[in-house]
Amino acid sequence: MKYDTGSCRILEKQQLTVDIYDVTVDAGKLALLAKPGQFVHVLVPGHTLRRPISICGIDRAANTLRLVFQVRGEGTAQLAALNCGDSIDLLAPLGRGFSLGNTGRKVLFVGGGIGVPPLLEAAKPFGENAAVVLGFRSREAVILKEDFEQNGNRVQIATDDGSLGHHGLVTDCMEALEAEHFAFEEVFACGPAPMLKAVIRAAERLGVPCQVSMEQRMACGVGACLGCAVKLRREDGGEYYGHVCKDGPVFRARDIVWED
Amino acid sequence: MADLKVTIAGVPFQNPLIAASGTFGFGREYAEFYPLSTLGGISCKGITLAERPGNPPPRVTETPGGMLNAVGLQNPGVDHFIKEDLPWLQKQGTVVIANIAGNTPEDYCRMAEKLSYTAVDMVELNISCPNVKQGGVQFGTSCAGVEDITAQVRRFCKKPLMVKLSPNVSDIGEIAAAAESAGADAISMINTLTGMRIDIRTRRPVLRNNTGGLSGPALLPIAVRMVWQAAQRVKIPIVGMGGISKWEDAVELLLAGASALQIGTVFFTDPYAPVKILDGLNQYLDRSGFSSVSDLTGRVCPW
Ligand SMILES: Cc1cc2nc3c(=O)[nH]c(=O)nc-3n(C[C@H](O)[C@H](O)[C@H](O)COP(=O)(O)OP(=O)(O)OC[C@H]3O[C@@H](n4cnc5c(N)ncnc54)[C@H](O)[C@@H]3O)c2cc1C
Ligand SMILES: Cc1cc2nc3c(=O)[nH]c(=O)nc-3n(C[C@H](O)[C@H](O)[C@H](O)COP(=O)(O)O)c2cc1C
Ligand code: FES
């Protein structure tokens, strides 16, 4: 079995910022199947479509999954109103996560805003071999900094307003790492499209491969409805629509064709 | 346990629940949850003569009580379907229905001809896809159009032929009668209703295609009404669909006049929906003293 549905009890709930919540659920066997970078599709009672949320943490000993999400609309607001002891119905684990490769290599993780959570579990096995650059609007929006530090990762923060860490863009920090001769061999990124594009350009300039986690509106979550299209490039240069839920959400940057 | 078997256009189904075209792909993704023989049949993703890339994203979004889609018939083409998907599908112990769409009557005829010499059990003529400029919907919205395309395809189609009707019409009864008189063996209905949503922050339509097809629970009362109206005009069996999300909805559509049912959008909410709907249907039949599901067909007592 690759995925299934399950009713998962909320064991822990914390509010991380004004609109970001952190929940840990008892996912039973679904937790054993999960890999970093995959996602869960959450049923919101009364709604036709489930909501995709990345897997932020996996604890195979405790059979738990950790989800960190931002309130963006009705569905996520409804999820945020749940408490410990309540259950949520998950369809999980879905999609293709990060290909971590040799975790003895030096690598770089770059996350922006609510794109940070899917990187946490992927960065864990790299320990101090991973530099992690996290970009946020301001100090108040910073999430998961301590969690990456607990991974043993080298964490840097960039904020738009300079209220914490570097005043500027995550790509500035990439350049600084390069200047310090932290020779990372691969980049893993998730965040808003403009940030991803800038990170991909920077990685290209340095000649290192890059994996990025993408978002698209979804219906089935398993690859059946063809709803979550993303334009991809074939080896022969031809273009076609792949699907975020099945072919992704993590893609090799060089395979993605950015539209608009 | 009541008898859930139904026969549509000579094709036996082990139960009346069929996966609706476009919501179930070619079955592989849902075979992770249960054997596909759980379903009476599968109507495959709509196929066209040549491969189609589909529309740019976003292609789906939620609506009150349902969703919009504008996938745009992304599919690998009829030959790929016959070679790569059908051999696996025909081994799953369920009825396989090929759903075909085209730009021209010739496209439909060539596909029907190709499929006539394969293992598919039935052909479903999609003359109602609202999401591509020439998705067949131009054939599906007038009586003359429906009659013409059905009659042409009939000549090439050696398989039982089911015509899928669009709800985007003013008199569904007349359209159903046109399909029957042109030689359809069955009717399936309804396809999606055309809808639209706008992101009020960007003032852009949510879907890249601007408009899309509305499906899900919001469609149920329209489907019930249309199946009821069509059932009064035709003798051929009607496969009802549109917004079924629980067994009670299934019973309603049967009572309105459907002989079998398709379910689509509910898979996205709950992949196990068919198991639950069949269970509820069975219990309802037993409780109400019906020995066979086909006893429900058209048994509404209108005022
Ligand atoms: C693979 C994947 C992983 C994700 N991981 C996370 C995560 O870890 N944490 C987090 O906070 N958010 C994540 N998101 C975004 C999250 O799915 C949306 O914020 C959420 O669906 C919004 O639902 P809503 O009902 O609150 O918003 P509404 O705007 O009311 O939702 C309306 C519809 O649009 C869809 N939708 C709206 N925004 C998005 C979006 N950005 N991506 C996909 N669908 C959207 C909804 O699912 C729903 O069907 C992820 C999205 C994807 C595709
Ligand atoms: C994502 C999606 C794709 C669809 N693709 C097709 C298609 O290719 N051919 C077709 O005849 N109908 C297609 N439909 C329509 C469904 O088969 C069905 O008629 C409609 O969704 C109403 O049923 P429901 O409310 O149970 O989903 C599609 C529907 C959805 C939601
Ligand atoms: S959401 Fe259905 S294919 Fe991705």
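In this text the structure is predicted, and so the values were computed from the model without any measurement. (Residues numbered from 1 in each chain as written. Chains lettered and ligands numbered in written order. Predicted model: local features only at pLDDT ≥ 70, side-chain atom pairs only at ≥ 80, totals over all residues. Heavy atoms only, no water.)

Enquirer: I'd love a proper account of the overall build of chain B, names of residues and values included.
Expert: For chain B, the helix and strand inventory stands at 9 helices and 16 strands. Whereas a compact globule of 303 residues would reach a radius of gyration of roughly 19 Å, chain B reaches 18 Å, a difference of no more than 12%. Sorting the 303 residues of chain B into buried and exposed places 62% on the buried side. A sequence separation of at least 24 residues applies to 72% of the contacts in chain B between residues at least 6 apart. (Helix = DSSP H or I, 4+ residues; strand = E, 2+ residues; numbered from the N terminus. Rg over C-alpha atoms; globule rule 2.2 N^0.38 Å. Buried < 20%, exposed > 50% of the residue type's maximum accessible area, 1.4 Å probe, protein only. Contact = heavy atoms within 4.5 Å.)

Enquirer: Just give me the short version of the interface of chain A and chain B, but keep the residues and values in it.
Expert: Facing the 29 residues of chain A at the interface are 33 residues of chain B. Buried surface at the junction of chain A and chain B, summed over both partners, amounts to about 2500 Å²; 55% is from carbon and sulfur atoms. Taken as a group, Thr48, Arg217 and Tyr241 of chain A account for 25% of the area that chain A buries against chain B, more than any other trio of residues on that side. Our count for the chain A to chain B interface comes out at 3 salt bridges. As a salt-bridge pair, Glu62 of chain B and Arg51 of chain A come within 2.8 Å of each other at their nearest N and O atoms. For the pair chain A and chain B, the interface holds 16 residue pairs in polar contact (both at pLDDT 80 or more). Breaking the side of chain A that touches chain B down by element, the ones donating at least two residues are β1 (4-15) and β15 (239-243) of chain A. (Buried area = accessible area lost by both parts, 1.4 Å probe. Salt bridge = Lys/Arg side-chain N within 4 Å of Asp/Glu carboxyl O. Polar contact = N/O pair within 3.5 Å; in protein donor to acceptor, adjacent residues only side chain to side chain.)

Enquirer: I'd like a rundown of the pairing of strand β4 (residues 51-54) of chain A, residues and numbers included.
Expert: Residues and elements named next belong to chain A. Only one face of β4 is buried, namely the one carrying Arg51 and Ile53, since none of Pro52 and Ser54 on the opposite face is buried. Looking at chain direction, strand β3 (residues 39-42) and β4 are connected through 4 bridges and run antiparallel. Within β4, the residue paired with Val40 across the bridge is Ile53. (Pairing = 2+ DSSP bridges.)

Enquirer: Outline the sheet that holds strand β6 (residues 66-69) of chain B, listing residues and values.
Expert: All names here are of chain B. The strand order β5-β6-β14-β11 describes an open sheet built from 4 strands, whose pairing is antiparallel. On the outer flanks of this sheet lie β5 (60-63) and β11 (193-196), each paired with one strand and no other. Strand-to-strand twist of the sheet, defined as the mean angle between neighbouring strand axes without regard to direction, takes the value 40 degrees. Taken together, the 3 bridges between β6 and strand β14 (residues 211-215) define a ladder with antiparallel strand orientation. Bridge assignment links Asn69 to a residue of β14, and that residue is Gly213. (Axes fitted to C-alpha atoms, helices over the stretch in contact; angles between N-to-C directions.)

Enquirer: Outline the site of ligand 1, supporting the account with residue identities and numerical values.
Expert: In the vicinity of ligand 1, 22 residues are found, and the nearest of them are Arg51, Pro52, Gln70, Thr76 and Arg217 of chain A. Surrounding ligand 1 is a set of residues that belongs to chains A and B. Thr76 of chain A places a side-chain nitrogen or oxygen 2.4 Å from an oxygen atom of ligand 1. Taken by itself ligand 1 offers 820 Å² of open surface, and the protein chains cover 88% of this. Elements supplying a minimum of two residues to the shell around ligand 1: β4, β6 (64-70) and α2 (74-80) of chain A. (Near = heavy atom within 4 Å. Areas by Shrake-Rupley, 256 points an atom, 1.4 Å probe, with all protein chains shown as cover.)

Enquirer: Break down the domain arrangement of chain A for me, citing the residues and quoting the values.
Expert: All names here are of chain A. When the domains of chain A are assigned, the result is domain 1 (4-94), domain 2 (98-214) and domain 3 (216-260). For domain 2 and domain 3, the distance between their C-alpha centres works out to 23 Å. Contact with domain 2, which involves 10 residues of that partner, is made by 11 residues of domain 3. Of all residues in domain 2, Lys197, Val212 and Met214 bury the most surface against domain 3, accounting for 58% of the area lost on that side. Taken together, the links from domain 2 to domain 3 amount to 0 salt bridges. Summed over the shared surface of domain 2 and domain 3, the result is 3 residue pairs in polar contact (both at pLDDT 80 or more). Contributing elements (two or more residues each) for the side of domain 2 that touches domain 3: α6 (193-206) and β13 (210-213). Of the residues contributing to the side of domain 2 that touches domain 3, the split by class is 7 nonpolar, 2 polar and 1 charged. (Domains from an automatic or database assignment. Nonpolar A, V, L, I, M, F, W, Y, C, P; charged D, E, K, R; others polar.)

Enquirer: Please give an account of the site of ligand 2 that cites residues and values.
Expert: Residues and elements named next belong to chain B. Around ligand 2 sit 23 residues, and of these Ser21, Asn99, Lys164, Gly243 and Thr265 come closest. With respect to ligand 2, the side chain of Lys45 contributes an N or O atom lying 3.1 Å from an oxygen atom. Backbone polar atom of Gly216 to an oxygen atom of ligand 2: 2.9 Å apart, as the coordinates give it. For the shell around ligand 2, the class distribution of residues is 6 nonpolar, 15 polar and 2 charged.

Enquirer: Describe the pairing of β6 of chain B, listing the residues and the values that go with them.
Expert: Residues and elements named next belong to chain B. On β6, burial covers both faces: Gly66 and Leu68 on one face and Met67 and Asn69 on the other are all buried. Bridge count between β5 and β6: 4 bridges; the pairing is antiparallel. Paired with Thr63 across the bridge in β6 is Gly66. Where β5 folds back on β6, the antiparallel hairpin that results is connected by 2 residues, among which Gly65 adopts a positive phi of roughly 70 degrees.

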